[in-house]
Amino acid sequence: MSETIRQLISEEDVDKKIREIGEQISRDYEGRQVHLICVLKGGVFFTCELAKRINVPVSLDFMSVSSYGDDTSSSGVVRIVKDLDESIEGKDVLIVEDIIDSGRTLSYLIEVLKQRNPNSLRLCTLLDKPERRVKDVNVDYVCFNIPDEFVVGYGLDYAQKYRNLPYIGVVEL
Ligand code: PRP
């Protein structure tokens, strides 16, 4: 049986919100360079769109982490699959994620990156599911708080499909 996708947040609304968050980040980092860390794979679409809306100097790096969980929830055990290419020491780092769910991935990642002595470390996410939180994570920039539904699009997948949807949708089985 194949699934259908119900639109939750339109392409226009996502674009508008990313512009707003980009402007806010530009104001907050005025006079500095922001070093974006894109968490693969899901964060890649949001990172690219966000980077285009930031008007202070931007540099980019990529990291891939994996949780040993099933398809729809993470287990809490996180490992680094691909580490950063460059040192973050002394940099103003902004982690960019597609979604924060239990918070386990980000709470682990923040602890790891803090130990590398960045000048500052903040977190930006496209989507947040606060009601699913298991680990407390301080999120500095949130585009949308969403209910506990299985979402796809804008980097988020269902069995590796739908990452390329230009809007956020809910999977209906
Ligand atoms: C998603 C998302 C976060 C994590 C959030 O990644 O990009 O990294 O799950 O879940 P948590 O708050 O419960 O830890 P996923 O493991 O699906 O990998 P992907 O981005 O490669 O699809």
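To keep things clear, this report deals only with the structure shown in the data block. Remember, it's a predicted structure, so these values are computed and weren't measured experimentally.

Definitions and cut-offs
- Residues numbered from 1 in each chain as written.
- Predicted model: local features only at pLDDT ≥ 70, side-chain atom pairs only at ≥ 80, totals over all residues.
- Heavy atoms only, no water.
- Pairing = 2+ DSSP bridges.
- Helix = DSSP H or I, 4+ residues; strand = E, 2+ residues; numbered from the N terminus.
- Buried < 20%, exposed > 50% of the residue type's maximum accessible area, 1.4 Å probe, protein only.
- Contact = heavy atoms within 4.5 Å.
- Arc of directions from axis to C-beta.
- Near = heavy atom within 4 Å.
- Polar contact = N/O pair within 3.5 Å; in protein donor to acceptor, adjacent residues only side chain to side chain.
- Areas by Shrake-Rupley, 256 points an atom, 1.4 Å probe, with all protein chains shown as cover.
- Nonpolar A, V, L, I, M, F, W, Y, C, P; charged D, E, K, R; others polar.
- Axes fitted to C-alpha atoms, helices over the stretch in contact; angles between N-to-C directions.

1. Some remarks on the sheet that holds strand S1 (residues 4-9)
The antiparallel open sheet is built from 3 strands, whose spatial order is S1-S9-S8. The open sheet terminates on both sides in strands that have one partner only, identified here as S1 and strand S8 (151-152). Pairing geometry for S8 and strand S9 (residues 168-172), over 2 bridges, is antiparallel. The residue of S9 that forms the bridge with Val152 is Gly169.

2. Some remarks on unusual backbone geometry
Of note, the amide linkage connecting Leu40 to Lys41 takes the cis form, showing an omega dihedral of -10°. By the element assignment, Lys41 lies in the loop between strand S2 (34-40) and helix H2 (43-52). With a phi close to 70°, Gln160 is a non-glycine residue in the positive phi region. Within the element layout of this structure, Gln160 appears in the loop between S8 and S9.

3. Comments concerning helix H3 (residues 104-114)
All buried positions along H3 are accounted for by Thr105, Leu106, Ser107, Leu109, Ile110, Val112 and Leu113. Looking at the buried side of H3, the elements it contacts are S2, strand S3 (58-67), strand S4 (78-82), strand S5 (92-100) and strand S6 (120-128).

4. Some details on H2
Restricting attention to buried positions, one finds in H2 the residues Gly43, Phe46, Thr47 and Leu50. Here the buried residues of H2 occupy an arc of 100° about the axis, which is enough to place them on one side. In this fold, the buried residues of H2 make contact with helix H1 (11-28), S2, S3, S5, S6 and strand S7 (141-145).

5. Some details on the site of the ligand
Contacts to the ligand come from 15 residues, most closely from Glu97, Asp98, Ser102, Gly103 and Thr105. Between the ligand and Ser102 there is a distance of 2.5 Å, counted from an oxygen atom to a side-chain nitrogen or oxygen. Between Asp157 and the ligand, the recorded distance is 3.3 Å, taken from a side-chain N or O atom to an oxygen atom. Relative to its unbound accessible surface of 500 Å², the ligand loses 81% to contact with the protein. Those elements that place two or more of their residues in the shell around the ligand are S5 and H3. Considering every element that reaches the shell around the ligand, the biggest residue donor is S5, with 4 residues. Tallied by class, residues from the shell around the ligand come to 3 nonpolar, 5 polar and 7 charged.

6. As for the sheet that holds S5
Read across the open sheet, the 6 strands follow the order S4-S3-S2-S5-S6-S7; overall the sheet is mixed. The two strands at the open ends of the sheet, each matched to only one other strand, are S4 and S7. On average, each strand axis in the sheet is tilted by 30° relative to the strand beside it, whichever way the strands run. The pairing of S3 with S4 spans 4 bridges and is antiparallel. Directly across from Ser66, in S4, lies its bridge partner Arg79. Helix-sheet contacts for H3 involve S2, S3, S4, S5 and S6, and the interaxial angle to S5 is about 165°.

7. Observations concerning the side chain of Ser64
Assignment of secondary structure puts Ser64 in strand S3. With relative accessibility at 15%, the residue Ser64 sits in the buried group. Among residues more than four places away in sequence, those in contact with Ser64 are Leu40, Arg79, Ile80, Val81 and Lys82.

Everything listed here is a matter of geometry and, on its own, says nothing about what the molecule does.
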